Amino acid sequence: MKFLSKEELQNLEKKSSDLRGAIITMTSLAASGHPGGSMSSLDMMLVAYSMADCPADVHEKGDYVVVSNGHVSPAVYSCLSEKGFFNLDDAVSQFRLAGSIFEGHIEPDVPGVLLASGNLGQGLSAAVGFGIGSRLQKQDNQIFVFMGDGEQQKGQIGEARRFAAKYDLKNITVFVDFNELQIGGDIKKVMPQNIKANYEADGWYVIEIDGHNYNEIHEAIKTAVDIEKPVMVLAHTVMGKGVSFMENKEKYHGSTLSREQLIDALKELGAEDNWDKYMEMRNAFVPEQHKKTEHPVIKFTASEPQIYDAKTDNRSAWGNAINNIAKVNCENTKYVVFDCDLAGSVKVDSFAKTCPENFFEAGITEHSTATMAGSLSKMGFHVYFADFGVFGVDETFNQHRLNDINNTNLKIITTHVGLDVGEDGKTHQCVDYLGLMRNLYGFKTIVPADPNQTDHIIRYISSVYGNFLVPMGRSKLPVVKNAEGNTAFDERYKFEYGKADLLMDGKDAAMFVMGTVTGRAVEACTKLAEEGISVQLWNIACPEDIDVEALKKASETGMIFTYEDHNVNTGLGAITAVELMKNRLYPELHCFGVEGYALSGKSDDVFRYCRLDAESVYTRMKDLIKK
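Residues numbered from 1 in each chain as written. Predicted model: local features only at pLDDT ≥ 70, side-chain atom pairs only at ≥ 80, totals over all residues. Heavy atoms only, no water.

J.: Kindly report on helix α20 (residues 518-530), identifying the contributing residues and their values.
T.: Between its first and last C-alpha atoms α20 spans 18 Å; for 13 residues at 1.5 Å apiece the expected length is 18 Å, and the two agree. Every buried residue of α20 is accounted for by Thr518, Arg520, Ala521, Val522, Ala524, Cys525 and Leu528. Contact partners of the buried residues in α20: β16 (501-504), β17 (509-514), β18 (535-539), β19 (559-567), α23 (603-609) and α24 (614-625). Glycine 532 lies just past α20 and shows a positive phi near 85°. (Helix = DSSP H or I, 4+ residues; strand = E, 2+ residues; numbered from the N terminus. Expected span 1.5 Å × (residues − 1). Buried < 20%, exposed > 50% of the residue type's maximum accessible area, 1.4 Å probe, protein only. Contact = heavy atoms within 4.5 Å.)

What follows is the structure in structure tokens.
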């Protein structure tokens, strides 16, 4: 980061009129966008970007700029063009044009944009993730975050503030664009808040400035660098700054100018009117194929799997595996675990002792943790977010959606899923995780059947880049055996994503089973075999990418059952039905799964109540096969 001379600041201020002209031109060309907030935030963005040593993307080291209120993209594009990342004419002419990288909300396809912003309230959490990564990489850098004032109403921001203060992330400086207007008008009327007091109460240092005074902006940044706390700059600004008829009008939060208004506004700014030029460029634009994202190579030292003989829970196997990986890779600081006050239950307490500097306790702040874990993973880290299913997936789905868009490298490990949670009752029996995660194009869900397969899966996801969910129950499970009575997932087993595992062969029917009920499926199919009914039993650990060869072999029996501790409408059964149709396979299909919210009680009793225990499944299969 560099400090600017008086002359450089004066030149930036002069340049701001042209950039404001670019903001209102691009939004008018697109007939959509957010000019008002872009104009109020431009000055502080222009100074900060000019001072920061900004990398093209987060894989490179430097000063990081995070824009939380991504709808001010016209201001961001204007500032980044000044940094030389691209030609401003391209951003103006292609703004919000199908196929262009210059979308309505910022996306990392644009050089210099580190993360897509998504909905409001996530930017500070993302910056905190970058702050943790910078510390682990021993970077001496600054992290700037730009946010709106109405955005401060979001609870996730408070979660991020407290984490930043707890971990002494003093290289973070937040700019709040305090124009006091949001879509609904005066922020004090829409939702009263004391932004300054909130930050101070959470341990931040606050500086108040005129957000259009270049000297004050520059001095605030210089001061922030030397403060031994994270800093918030409350910048008093004017919505629509620079164009008199736009100033202090909430209408221009999301309304653009007509051609006649644009002409008048450009005259007032003293900016050039290049409408015809830009319209010609816009009409001539031909979208290029976006380049494929290059993932950083992450060093991984493999270790021998731990094989279990006795009954234990998958969550203990996960905890043992990540702790073992940490020990073997002790010189590689790229493995990080986040916990939300559940370390003993989600079994990351051993990792915390082995790698204390790479373990972060976030308290009960799931939304912020999901976001900062995702942003940290963009910096070349393997990041594990361990939580209960209803918190780690259901509660934080939107955060993971943005992680998916940002192409992160996040490993979500959720324990306590399904009816297996038992006594905690229906509010905590997460039976919809697969149905939810199927909506995210870049996430892969892998559901382990027993502790041995859990160990293999954790080692697999720890060696590859990508977003994964590994859900597991709470209860202790028997080790899954195959038809010969041997351990199915022993040291000879190699997990291959998308490959189904044949546990038992048969000709009368087939069953696809997923997760913690696999042992019950073995029990049910064994009982059928004793009565002369042979059933193929396939363990489907990767339900979103069902093994087509297994599907074809199972279809040859004429009847397929699916069995899962998951909502019957959105899980393994639903996926199997779609894949059968896609492959023009038409066996009889019967789906066993959770058909409604269940009871609070011992998990075996809950499974029995829902007709998903081994005895009930055996009876249901037998009746249907003999029809």
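J.: Mind laying out unusual backbone geometry, listing which residues take part and the relevant values?
T.: Even without glycine at this site, aspartate 168 takes up a positive phi of about 55°. Within the element layout of this structure, aspartate 168 appears in the loop between α6 (155-166) and β3 (172-178). Overall, aspartate 168 belongs to the partly exposed group, its relative accessible area being 36%. Located in the positive-phi region is arginine 584, a residue other than glycine, with phi close to 55°. Relative to the helices and strands, arginine 584 is located in the loop between α22 (572-582) and β20 (588-594).

J.: Give a description of the sheet that holds β16 that names residues and reports values.
T.: Reading across the sheet, the 5 strands line up as β16-β18-β17-β19-β20 and stay open at both edges, with mixed pairing between neighbours. Here the strands that pair on one side only, and so sit at the sheet edges, are β16 and β20. Between one strand axis and the next, the sheet turns by 25° as a mean value, whatever way the strands run. The strands that α20 touches are β16, β17, β18 and β19; relative to β18, the one it contacts most, it runs at about 170°. Sitting on the sheet, helix α21 (residues 548-555) touches β16, β17, β18 and β19, and the angle it makes with β18 is about 165°. (Pairing = 2+ DSSP bridges. Axes fitted to C-alpha atoms, helices over the stretch in contact; angles between N-to-C directions.)

J.: So, the pairing of β3: which residues are in play, and what are the values?
T.: Within β3, 7 of the 7 residues are buried, which leaves it mostly tucked inside the rest of the structure. Here β3 shows no split at all, with Ile172, Val174, Val176 and Phe178 on one side and Thr173, Phe175 and Asp177 on the other all buried. By the bridge criterion, 6 bridges tie strand β2 (residues 143-148) to β3 in an arrangement that is parallel. Directly across from glycine 148, in β3, lies its bridge partner aspartate 177. A crossover links β2 with its parallel partner β3, the connecting element being α6, and its sense is right-handed. (Right-handed = clockwise from strand over helix to strand, strands pointing away.)

J.: Could you give an account of the environment of alanine 52, with specific residues and numbers?
T.: Of note, alanine 52 is situated in the loop between α2 (35-51) and β1 (64-67). Classification of alanine 52 by relative accessible area gives buried; the value is 4%. For the pair alanine 52 and alanine 116, spaced 64 residues apart in the sequence, the C-alpha separation amounts to 19 Å. If we ignore the near neighbours within four places in the chain, the residues touching alanine 52 are Met1, Asp63, Val65, Lys83 and Phe144.

J.: Pulling in residues and values, what's your account of the packing of helix α5 (residues 123-136) against helix α15 (residues 366-377)?
T.: It is at 7 Å that the axes of α5 and α15 come closest, and there the two elements cross at 50°. Considering the angle they form, α5 stands oblique to α15. As for the relative orientation of α5 and α15, their crossing is right-handed in sense. Only Ser368, Thr371, Met372, Ser375 and Leu376 of α15 make contact with α5, whose side of the interface consists of Ser125, Ala126, Val128, Gly129, Phe130, Ile132 and Gly133. For the contact of α5 with α15, the residue count by class is 6 nonpolar, 6 polar and no charged. (Parallel < 35°, antiparallel > 145°, perpendicular 65-115°, else oblique. Left-handed = near helix turned anticlockwise from the far one by under 90°. Nonpolar A, V, L, I, M, F, W, Y, C, P; charged D, E, K, R; others polar.)

J.: Got a sec to walk through helix α11 (residues 275-284)? Specific residues and values, please.
T.: One full turn of an α-helix is made of 3.6 residues, so residues set three or four places apart face in the same direction. For α11, the set of buried residues is Trp275, Tyr278 and Arg282. Each buried residue of α11 lies within a common arc of 70° when the element is viewed along its axis, so the set occupies one face. Away from its buried face, by an angle of more than 90 degrees, α11 presents the exposed residues Asp276, Glu280, Asn283 and Ala284. In this structure, the buried residues of α11 make contact with α1 (6-30), α4 (88-94) and α10 (259-269). (Arc of directions from axis to C-beta.)

J.: Kindly report on the pattern of salt bridges, identifying the contributing residues and their values.
T.: In the structure shown here, the tally under the stated rule is 27 salt bridges. Put simply, aspartate 202 and arginine 162 hold a salt bridge, and the shortest N to O gap is 3.8 Å. With a gap of 40 residues between them, aspartate 202 in the loop between α8 (195-201) and β6 (205-210) and arginine 162 in helix α6 connect regions that are remote in the sequence. Taking the shortest distance from any N to any O, the salt bridge between lysine 602 and glutamate 423 comes out at 4.0 Å. One end of the pair, lysine 602, is in the loop between β20 and α23; the other, glutamate 423, is in the loop between β12 (410-415) and α18 (433-437), with 179 residues separating them in the sequence. Accessibility expressed as a relative area gives 38% for glutamate 423, which makes it partly exposed. When salt bridges with common partners are traced through the structure, they connect Glu423, Asp424, Arg474 and Lys602 into a single cluster. (Salt bridge = Lys/Arg side-chain N within 4 Å of Asp/Glu carboxyl O.)

J.: Give a detailed account of the nonpolar core, specifying residues and quantitative values.
T.: Leu124, Val174 and Tyr199 are the most contacted members of the largest nonpolar core, which has 74 residues in total. Non-local contacts of tyrosine 199, meaning those with residues more than four positions away in its chain, are made with Leu124, Met147, Gln152, Ile157, Arg161, Val174, Val176, Trp204, Val206 and Met232. If you look at the next biggest cluster of nonpolar residues, it comprises 65 residues, including Tyr384, Val470, Ala488 and Leu503. (Core = buried A, V, L, I, M, F, W, Y, C linked by side-chain atoms within 4.5 Å.)

J.: How would you summarise the packing of aromatic side chains if you had to cite specific residues and measurements?
T.: This model, assessed by the stated rule, comprises 19 aromatic pairs. Seen from their ring centres, phenylalanine 163 and phenylalanine 360 are 6.4 Å apart, and the 50° between their planes marks the pair as tilted. One end of the pair, phenylalanine 163, is in helix α6; the other, phenylalanine 360, is in strand β10 (residues 359-361), with 197 residues separating them in the sequence. For phenylalanine 163, a relative accessible area of 4% gives the class buried. (Phe/Tyr/Trp six-rings, centres within 6.5 Å; stacked < 30°, edge-to-face > 60°.)

J.: How would you summarise the side chain of serine 134 if you had to cite specific residues and measurements?
T.: Tracing the sequence through the fold places serine 134 in helix α5. In this structure serine 134 comes out as buried when scored by relative accessible area, which is 0%. Beyond its immediate stretch of four places on either side in the chain, serine 134 contacts Tyr64, Gln139, Asn141, Ile143, Asn171 and Met379.

J.: An account of the sheet that holds strand β11 (residues 382-388) is requested, with residue identities and associated values reported.
T.: If you walk across this open sheet you meet the 6 strands as β10-β9-β11-β12-β14-β13, and the pairing is parallel. The sheet is open, and its two borders are formed by β10 and β13 (443-445), each paired with just one other strand. The mean angle between the axes of side-by-side strands here comes to 20°, regardless of whether they run parallel or antiparallel. Alignment of strand β9 (residues 335-339) against β11, held across 5 bridges, turns out to be parallel. The residue bridging phenylalanine 338 from the neighbouring strand is phenylalanine 385, located in β11. Sheet strands in contact with α15 are β9, β11 and β12, and its direction is about 160° off that of β11.

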